[in-house]
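# Structure at a glance
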Amino acid sequence: MESTAAGGSPAVYDRIGIGYRKVRRPDPRLAALIDGALGDARTVVNVGAGSGSYEPADREVTAVEPSRVMLDQHPGTRKVKAGAEELPFEDGAFDAAMAVMTVHHWSDLKRGLAELRRVSRRQAVFTWDPTHPRVLWLIEEYLPEIRELELSWFTPLTEVAEALGAHTVLPFPIPHDFTDGFQVAHWRRPESYLDPVVRAATSTFATLGPAVVEPGIARLHADLESGEWRRRHAGLLARESVDYGYRLVIAGD
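Residues numbered from 1 in each chain as written. Predicted model: local features only at pLDDT ≥ 70, side-chain atom pairs only at ≥ 80, totals over all residues. Heavy atoms only, no water.

Let's shift gears to the packing of helix 5 (residues 109-119) against helix 8 (residues 157-164). Axis angle and axis distance: for two packed helices, these are the angle between their axes and the distance between the axes, and together they describe the pair. With their axes 9 Å apart at the nearest point, helix 5 and helix 8 run at an angle of 40° to one another. In terms of orientation, helix 5 and helix 8 fall into the oblique class. In the crossing of helix 5 with helix 8, the sense of the turn from one axis to the other is right-handed. Note on element contacts: helix 8 touches helix 5 through V160, A163 and L164, opposite L109, K110, L113 and R117. (Axes fitted to C-alpha atoms, helices over the stretch in contact; angles between N-to-C directions. Helix = DSSP H or I, 4+ residues; strand = E, 2+ residues; numbered from the N terminus. Parallel < 35°, antiparallel > 145°, perpendicular 65-115°, else oblique. Left-handed = near helix turned anticlockwise from the far one by under 90°. Contact = heavy atoms within 4.5 Å.)

Shown next, in the form of structure tokens:
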């Protein structure tokens, strides 16, 4: 089954997925947080697996992904082309289920989360809370259209936690040298946003398209050349991490 995803269909990732692994390199600090959340699970299903980021190497992982381009980049041997809303597994088939920065792409969030609970005894979901007050400067100053798009995609954290029956929610402030190049990763490295390869690995940029994105990026380029960006954001350059609302939601046994 292929999802028609609220935040981008498999076709979107068929397009932006080429070269995805070069930009979206798993960060060991987030990997450790997710690994701890999986507890003593031996068998794990990674739903919306993409190219396999954050899958623990010492467990038996089955990857589920609706995009063929993404699945072809996945290095694992247990791979299933399917959507989160209808997982082709028996009840309780896995010790744990994980989902990393994917639930906003599902066409039916509650159904997908219910499927995670159905096929596993423990669940770990990494997502972003659209109600978090701090907004990335790139969005506030250069591309407010991203905010509108994200608010239409992401579900408030309280609703995700409730639907999952979560017992724990862990914050994950983004380190300044975060290696996984999703949108907020470069908060202290503004020059990175000038790179079209970096932008191409992020679904928001790909969805908005060049007519919207390029004028904002041109303004950023000008502010970097003039030194204006650094004058406005000198305080950020001294920080090691910033909490932008990313959370790991844990449920089950």
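This is not the end of the story, as more comes after the structure.
Here we take up the nonpolar core. Ranked by internal contacts, the top residues of the largest apolar core, which has 46 residues, are F126, L136, W137, Y244 and Y246. Residue contributions to this core peak at four residues, all from helix 11 (residues 210-226). Once residues within four sequence positions are removed from consideration, Y244 is found in contact with W128, H132, R134, V135, L136, W137, V184, W187 and L236. Residues L113, A161, L164 and A251 belong to the second largest nonpolar core, which totals 23 residues. (Core = buried A, V, L, I, M, F, W, Y, C linked by side-chain atoms within 4.5 Å. Buried < 20%, exposed > 50% of the residue type's maximum accessible area, 1.4 Å probe, protein only.)

Locating D95 in the fold gives a position in strand 4 (residues 94-100). When the C-alpha atoms of D95 and D195 are compared, they prove to be 40 Å apart, with 100 residues separating the residues in sequence. For D95, the residues in contact, after removing those within four places along its chain, are A41, R42, T43, S120, R121 and R122. At 2.9 Å, the side chain of D95 and the backbone nitrogen of R42 are in polar contact. (Polar contact = N/O pair within 3.5 Å; in protein donor to acceptor, adjacent residues only side chain to side chain.)

Below, the discussion takes up the pattern of salt bridges. Under the defined criterion, the tally for this structure stands at 18 salt bridges. Here R230 ties to E191 by a salt bridge, and the two come within 2.2 Å at their closest N and O atoms. Separated by 39 residues along the polypeptide, R230 in helix 12 (residues 228-232) and E191 in the loop between strand 7 (174-175) and helix 9 (196-200) bring together distant segments of the chain. The partly exposed category is assigned to R230, whose relative accessible area is 34%. Overlapping salt bridges, with partners in common, bring together E141, D223, E228, R231 and R232 in one network. (Salt bridge = Lys/Arg side-chain N within 4 Å of Asp/Glu carboxyl O.)

Here we take up the pairing of strand 1 (residues 43-47). Counting buried positions along strand 1 yields five of five residues, so the element is predominantly enclosed. Residues T43, V45 and V47 of strand 1 are buried on one face, and the alternating residues V44 and N46, pointing to the opposite face, are buried as well. Both strand 1 and strand 2 (residues 60-64) contribute to a ladder of five bridges, which runs parallel. Bridging from a neighbouring strand, V44 pairs with V61 of strand 2. Here three bridges tie strand 1 to strand 4, and the two strands are oriented parallel to one another. By the bridge assignment for strand 4, V44 is matched with A96. (Pairing = 2+ DSSP bridges.)

This brings us to the packing of aromatic side chains. Scanning all chains against the criterion turns up ten aromatic pairs. Measuring from ring centre to ring centre gives 5.3 Å for F178 and F182, while their planes differ by 70°; the resulting arrangement is edge-to-face. Looking at F178, the relative accessible area reads 1%, which means it is buried. Look at F182 and Y246: their rings are 5.1 Å apart centre to centre, the planes differ by 35°, and that puts the pair in the tilted class. Here F182, found in the loop between strand 7 and helix 9, pairs with Y246, found in strand 9 (residues 246-252); they are 64 residues apart in sequence, far enough to count as distant. (Phe/Tyr/Trp six-rings, centres within 6.5 Å; stacked < 30°, edge-to-face > 60°.)

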